[in-house]
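# An overview of the molecular structure
Here is what each chain is made of, one letter per residue.
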Amino acid sequence: VLALVACSHGHGSEPVAASPEPAATTINQAMLNVFQPAFQDYGDTAFWAYDEDGNLDAEQLTDDQWALMQAGAEALRESAQEFAGYNAFIVAEAGAELGFEGQGFVPPEEVQAYVDANPEGFATMMAYFAAEAEIAANAAAERDVETLVAQSDVLYNACKACHMSFWYPGQR
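These lines cover the structure that appears in this document, whether it is placed above or below. Computed from a predicted structure; not experimentally measured.

## Quick look at the overall build of the protein
Counting its regular elements, the protein contains six helices and two strands. Along the chain direction, N to C, the helices and strands of the protein fall in the order α-α-α-β-β-α-α-α. For the protein, buried positions account for 41% of its 172 residues. If you take every contact in the protein between residues at least 6 apart in sequence, the share linking residues at least 24 apart comes to 78%. When the accessible surface of the protein is summed, it comes to about 9,100 Å², and 52% of that surface belongs to carbon and sulfur atoms.

Laid out in structure tokens, this is it:
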């Protein structure tokens with residue numbers, strides 16, 4: 001599934017030599033401080049692009065909303081690009097509790113084992129996510145409402161695929 005997800009759009013940049021050192025930011029820090037709020041800025045705001053009849057209408061969005069979505073997509077792209085440049089990752093700080101979508105917590109050691117077992121797969125997912133976030137940022141910049149909304153779904157599904165592969169495989 002990973003190969004299909006990572007190659008589904010054919011976008012992305014040339015492979016970059018991965019750093020042997022772990023990423024400076026933990027995955028959990030990036031999820032809490034960048035991915036979650038930036039996706040909310042992008043994905044949640046995109047829903048305002050529908051008129052009262054359920055039709056897409058770019059005029060429904062204000063200049064501030066377009067700017068918020070572009071900034072959110074750019075933050076997602078930058079963070080994902082950073083992770084894509086590594087082949088070693090630290091999931092969380094010692095003692096951190098990793099949320100399981102409102103259903104308790106996942107032990108950080110468990111998630112670390114999943115990531116350590118396939119760091120190339122994690123980096124590939126991050127490269128895919130960065131490429132899709134670039135499309136999202138461009139859609140917001142160009143006020144392309146159809147692509148904007150479609151990319152909200154693409155980014156959400158990329159998040160879910162990564163969670164299912166690394167955060168709680170086999171648990172959902």
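That covers the picture; the talk isn't over yet.
## Examining the pattern of salt bridges
For the structure on display, the rule yields three salt bridges. Across the pair arginine 77 and glutamate 134 runs a salt bridge, and its minimum N-O distance is 2.7 Å. Note that arginine 77 is positioned in helix H3 (residues 63-84) and glutamate 134 in helix H5 (residues 119-142), a separation of 57 residues in sequence. Relative accessible area serves as the criterion here: at 15%, arginine 77 is assigned to the buried category.

## Examining a nonpolar patch on the surface
Taken together, the side chains of Phe47, Tyr50 and Leu56 present a nonpolar region at the surface, about 270 Å² in accessible area. Structurally, the position occupied by tyrosine 50 is in the loop between helix H2 (27-46) and H3.

## As for the packing of aromatic side chains
Within this structure, the stated rule accounts for five aromatic pairs. Each ring, one from phenylalanine 35 and one from phenylalanine 129, has its centre 5.5 Å from the other, and the planes form 55°; the classification is tilted. Residue phenylalanine 35 is found in helix H2, and its partner phenylalanine 129 is found in helix H5; the two are separated by 94 residues along the sequence. Their ring planes at 85° and their centres at 5.5 Å tell us that phenylalanine 122 and phenylalanine 166 sit as a pair that is edge-to-face. A residue pair is termed long-range when its members are at least 10 positions apart, and phenylalanine 122 in helix H5 and phenylalanine 166 in helix H6 (residues 145-167) qualify at 44 residues. On the accessibility criterion, phenylalanine 166 (4% relative accessible area) is buried. Members of the aromatic cluster, connected to one another through ring pairs, are Phe83, Phe89, Phe122 and Phe166.

## Quick word on the packing of H3 against H5
In contact at an axis separation of 7 Å, H3 and H5 are set at 160° when each is read in the N-to-C sense. Accordingly, the angle class assigned to the pair H3 and H5 is roughly antiparallel. Two packed elements cross with a definite hand, and for H3 against H5 that hand is left-handed. Per-class residue counts for the contact of H3 with H5 are 19 nonpolar, two polar and three charged.

## Digging into the side chain of threonine 26
Tracing the chain through its elements places threonine 26 in the loop between helix H1 (2-7) and H2. When near neighbours in sequence (up to four residues on either side) are disregarded, threonine 26 contacts Phe83, Ile90, Val91, Ala92 and Glu93.

## Examining H5
Between its terminal C-alpha atoms H5 stretches 35 Å, which fits the 34 Å expected from 24 residues at 1.5 Å a residue. Buried residues dominate H5, accounting for 17 of its 24 residues. Phi turns positive one or two residues past the end of H5, at arginine 143, with a value near 55°.

## Some remarks on the environment of serine 152
Take serine 152: it is sitting in helix H6. A relative accessible area of 5% means that serine 152 is categorised as buried. Taking C-alpha positions, serine 152 is 7.1 Å from tyrosine 42, a pair spaced 110 residues apart along the chain. If near-sequence neighbours (up to four positions away) are discounted, serine 152 is found in contact with Phe39, Tyr42, Gly43 and Ala46.

## Here we look at H2
Every α-helical turn comprises 3.6 residues, leaving residues that sit three or four positions apart pointing alike. Within H2, the axis deviates most sharply at phenylalanine 35, by approximately 30°, and proline proline 37 lies no more than four positions further along. If you check which residues of H2 are buried, you get Ile27, Asn28, Ala30, Met31, Phe35, Ala38, Phe39, Tyr42, Gly43, Thr45 and Ala46.

What counts and how
Residues numbered from 1 in each chain as written. Predicted model: local features only at pLDDT ≥ 70, side-chain atom pairs only at ≥ 80, totals over all residues. Heavy atoms only, no water. Helix = DSSP H or I, 4+ residues; strand = E, 2+ residues; numbered from the N terminus. Buried < 20%, exposed > 50% of the residue type's maximum accessible area, 1.4 Å probe, protein only. Contact = heavy atoms within 4.5 Å. Areas by Shrake-Rupley, 256 points an atom, 1.4 Å probe, with all protein chains shown as cover. Salt bridge = Lys/Arg side-chain N within 4 Å of Asp/Glu carboxyl O. Patch = residues over 30% accessible without salt bridge, like charges linked within 9 Å, V, L, I, M, F, W, Y side chains within 5 Å. Phe/Tyr/Trp six-rings, centres within 6.5 Å; stacked < 30°, edge-to-face > 60°. Axes fitted to C-alpha atoms, helices over the stretch in contact; angles between N-to-C directions. Parallel < 35°, antiparallel > 145°, perpendicular 65-115°, else oblique. Left-handed = near helix turned anticlockwise from the far one by under 90°. Nonpolar A, V, L, I, M, F, W, Y, C, P; charged D, E, K, R; others polar. Expected span 1.5 Å × (residues − 1). Bend = angle between axes of the 7 residues up to and from the residue.

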